[in-house]
Amino acid sequence: MNFFLIPLLSLTLALGACSDDGDDTVDPDNNQTELPDITGYPIVGTDQTTFYGDATIISEPSASDAFYGQNAHYPGNMPQYVDNGDGTATDMVTGLMWQSSFDHNGDGEINYSDKKTYAEILEMLEAGVSFAGYDDWRLPSIKEQYSLILFSGKDISGYEGSSTDDLTPFINTDIFDFAYGDLDAGERLIDMQCATTNVYVGSDIETMVFGVNFADGRIKGYGTTMMGEDKAFNYLLVRGNESYGINQFVDNGDGTVSDQATGLMWMQDDSGEGMSWEEALALAESKEFAGHSDWRLPDAKELQSLVDYTRSPNTTNSAAIDPLFNCTEITNEAGQSDYGFYWSSTTHANWTESNEGAWGAYVSFGRAMGNMQMPSGPPMKSTEASGRRLPPPPLGNNFKSGNANWVDVHGAGAQRSDPKSGDPSVYAEGHGPQGDAVRIYNYVRLVRNID
């Protein structure tokens, strides 16, 4: 599991004002911002404008070239925010208003003292939160929180430096006051996980809360405790458009399903077999089905919109998707009947220059497996500021050969990434500190815009 600090925190809620980089929509009579009249589930584009090949940046491919049809070819609804000048920002695509700073205690710094345990967050909301003249703030759902992610960011996994000057997070830092994890408190820079209302229904490890990490560009399920201690999360509260994230599926009777909330039409069946990222793009661009020839590979945010977080292999014996859709069954790394990872058209770029485009974002509609059999690490340490124990640093890819312990480490509905090509056997014991399963040959579900 990802490691968190567990600070002792105040329940005080305060935010520093952000710089005003957008047009104000403030009502001069009551000094409150008018939300745009938006309902439904319009998906914000990923902000990915760079073109990638198997590993590196490439020039824009033409329709006859390899790698045509990737995310940058289909930008979708471009992100558009308004800084309201009062510690809030309005998303003009979704109609949601957000707190615009992670500085929750108002001390002018974003650090581990701004975090709360999941129980503290829920208690704070139960008591009521009044901020910027509004008292209808709520903790976002995973789909609301994910609307803020931007894949113009660069994953910092593997980064061992301390300077963040050349790093790019997965959130608009012109609008949102953001900082990486607090090294001075013993955190890693990657520790910027934001809690949501979605608790994983299929967890067989412990209670896991789905969160968006704006430092590494992923959705994962994070345990609320570790070694008997409560873990701490960051968060942003939201208000407005209470219909956001709610699908309105219609079976068209021709092998397609329309979502009237998002304006997207989906193929009811998946590809039936796994394939590389390049092959997935080629399949999408050549597909003719149900009288349409404009099918494409969905971007990461479009694909995540399909997840039904009330379903899982453990609890409903199904993929985490509406039963209108068909998912190919697989046998996972633990020998369980399961469902696969699905490619998106989005590159999950890394901070390295030589290999920055080698991984593509996928969404797991089955278990998000990880090999948790790791060697013993250094002992827990304490921090003077919190008085609590902190986890040891991650141990990388150092797993015990032959003693795999494959578990559903991050949950159906996680968004992670795989190499776009290569030999999956190279990763037979997993990858990264949670031993993420790496399959490379992933499944495909195609999408198009409703006419």
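The text that follows walks through the structure, step by step, so that each part is easy to find. Just so we're clear, the structure is a prediction, and the values are computed from it rather than from any experiment.

## Here's the deal with the pairing of strand 4 (residues 88–91)
Here strand 4 shows a buried face lined by Thr 88 and Thr 90 and a second buried face lined by Ala 89 and Asp 91. Two strands pair when backbone bridges link them, and strand 3 (residues 81–83) and strand 4 are joined in this way by 3 bridges, in the antiparallel orientation. If you follow Val 82 over to strand 4, its bridge partner there is Thr 90. Hairpin connection from strand 3 to strand 4: 4 residues lie between these consecutive antiparallel strands, with Gly 85 at a positive phi of about 75 degrees. The sheet contact formed by strand 4 and strand 5 (residues 97–99) spans 3 bridges and is antiparallel.

## Details of the side chain of Arg 218
Checked against the element boundaries, Arg 218 lands in strand 9 (residues 218–223). Separated by 3.1 Å, the side chains of Arg 218 and Asp 155 make a polar contact. Ignoring anything within four residues of it in the chain, the contact list for Arg 218 reads Ile 149, Asp 155, Ser 157, Gly 211, Val 212, Asn 213, His 348, Gln 415, Arg 416 and Ser 417.

## Some thoughts on the nonpolar core
Among the nonpolar cores identified, the biggest contains 60 residues, and Phe 102, Phe 176, Phe 214 and Phe 365 are the most heavily contacted of them. Secondary-structure elements contributing two or more residues to this core are helix 2 (142–146), strand 8 (208–213), strand 16 (264–267), helix 4 (300–304) and strand 20 (359–364). The dominant element in this core, judged by the number of residues it contributes, is strand 8, at 3 residues. Setting aside its immediate chain neighbours within four residues, Phe 102 contacts Ile 110, Asp 114, Ile 171, Asp 177, Phe 178, Met 192, Cys 194, Phe 214, Asn 234, Tyr 235 and Leu 236. By size, the runner-up hydrophobic cluster in this structure holds 18 residues, among which are Met 369, Trp 406, Val 444 and Leu 446.

## Concerning the packing of aromatic side chains
With the rule as written, the count across this model stands at 18 aromatic pairs. Considering the side-chain rings of Tyr 200 and Phe 210, the 5.5 Å spacing of their centres and the 70 degrees angle between planes classify their relative orientation as edge-to-face. You can see Tyr 200 sitting in the loop between strand 7 (193–199) and strand 8 and its partner Phe 210 sitting in strand 8, a full 10 residues away along the chain. Under the relative-accessibility criterion, Tyr 200 is labelled buried at 5%. Phe 210 sits in the buried class, given a relative accessible area of 0%. On the basis of an interplanar angle of 70 degrees and a centroid distance of 4.9 Å, the ring pair of Phe 210 and Tyr 309 is categorised as edge-to-face. Taken together, the residues span a long stretch of sequence, with Phe 210 in strand 8 and Tyr 309 in the loop between helix 4 and helix 5 (313–316) at a distance of 99 residues. For the pair Phe 210 and Tyr 309, a shared accessibility class is recorded, and that class is buried. For the cation-ring pair, Arg 296 lies above Tyr 74, with the distance from its terminal atom to the ring centre recorded as 5.5 Å.

## Overview of the environment of Trp 359
Tracing the backbone shows Trp 359 in strand 20. When the C-alpha atoms of Trp 359 and His 348 are compared, they prove to be 5.5 Å apart, with 11 residues separating the residues in sequence. Trp 359 has contacts with Thr 347, His 348, Ser 417, Asp 418, Pro 419, Lys 420, Tyr 427, His 431 and Val 438, leaving out every residue within four places of it along the chain.

## Concerning helix 3 (residues 277–286)
Every buried residue of helix 3 is listed here: Trp 277, Ala 280, Leu 281 and Ala 284. Within helix 3, the buried residues cover an arc of 100 degrees as seen down the axis, which keeps them to one side. Tucked inside the fold, the buried residues of helix 3 contact strand 19 (341–347).

## Some points on unusual backbone geometry
The backbone of Ala 132 shows a phi angle near 55 degrees, a positive value even though the residue is not glycine. Its location among the elements puts Ala 132 in the loop between helix 1 (118–127) and helix 2. Phi angles above zero are rare outside glycine, and Asn 317 is one such case at about 55 degrees. With respect to the helices, strands and loops of the structure, Asn 317 is situated in the loop between helix 5 and strand 17 (329–331). Among the residues examined, Asn 317 registers a relative accessible area of 64% and is labelled exposed.

## Regarding the environment of Ser 113
Of note, Ser 113 is situated in the loop between strand 5 and strand 6 (116–117). Classification of Ser 113 as partly exposed rests on a relative accessible area of 26%. As for Ser 113 and Asp 182, which are separated by 69 residues in sequence, their C-alpha atoms are 9.2 Å apart. Separated by 3.2 Å, the side chains of Ser 113 and Asn 105 make a polar contact.

## Quick word on the pairing of strand 16
Going residue by residue along strand 16, you find Leu 264 and Trp 266 tucked away on one face and Met 265 and Met 267 tucked away on the opposite face as well. Two elements, strand 15 (residues 256–259) and strand 16, share 4 bridges in a ladder whose sense is antiparallel. Following the sheet pairing, Asp 259 is matched in strand 16 by Leu 264. Hairpin connection of strand 15 to strand 16: 4 residues between the antiparallel strands, including Gly 263 at a positive phi of 80 degrees. One ladder, built from 3 bridges, connects strand 16 with strand 26 (residues 447–449); its direction is antiparallel. Of the residues in strand 26, the one forming a bridge with Met 265 is Arg 448.

## Some thoughts on the pattern of salt bridges
Taken as a whole and judged by the stated rule, the model has 14 salt bridges. Between Arg 239 and Asp 136 there is a salt bridge, and its shortest N-O distance comes to 2.7 Å. On the criterion of sequence distance, the pair formed by Arg 239 in strand 13 (residues 238–239) and Asp 136 in the loop between helix 1 and helix 2 is long-range, its members being 103 residues apart. Take Asp 136: its relative accessible area is 38%, and that puts it in the partly exposed class. Here the salt bridges share partners, and the residues they tie into one network are Asp 155, Asp 216 and Arg 218.

Cut-offs applied
- Residues numbered from 1 in each chain as written.
- Predicted model: local features only at pLDDT ≥ 70, side-chain atom pairs only at ≥ 80, totals over all residues.
- Heavy atoms only, no water.
- Buried < 20%, exposed > 50% of the residue type's maximum accessible area, 1.4 Å probe, protein only.
- Helix = DSSP H or I, 4+ residues; strand = E, 2+ residues; numbered from the N terminus.
- Pairing = 2+ DSSP bridges.
- Polar contact = N/O pair within 3.5 Å; in protein donor to acceptor, adjacent residues only side chain to side chain.
- Contact = heavy atoms within 4.5 Å.
- Core = buried A, V, L, I, M, F, W, Y, C linked by side-chain atoms within 4.5 Å.
- Phe/Tyr/Trp six-rings, centres within 6.5 Å; stacked < 30°, edge-to-face > 60°.
- Lys NZ or Arg CZ within 6 Å of the ring centre and 35° of its normal.
- Arc of directions from axis to C-beta.
- Salt bridge = Lys/Arg side-chain N within 4 Å of Asp/Glu carboxyl O.

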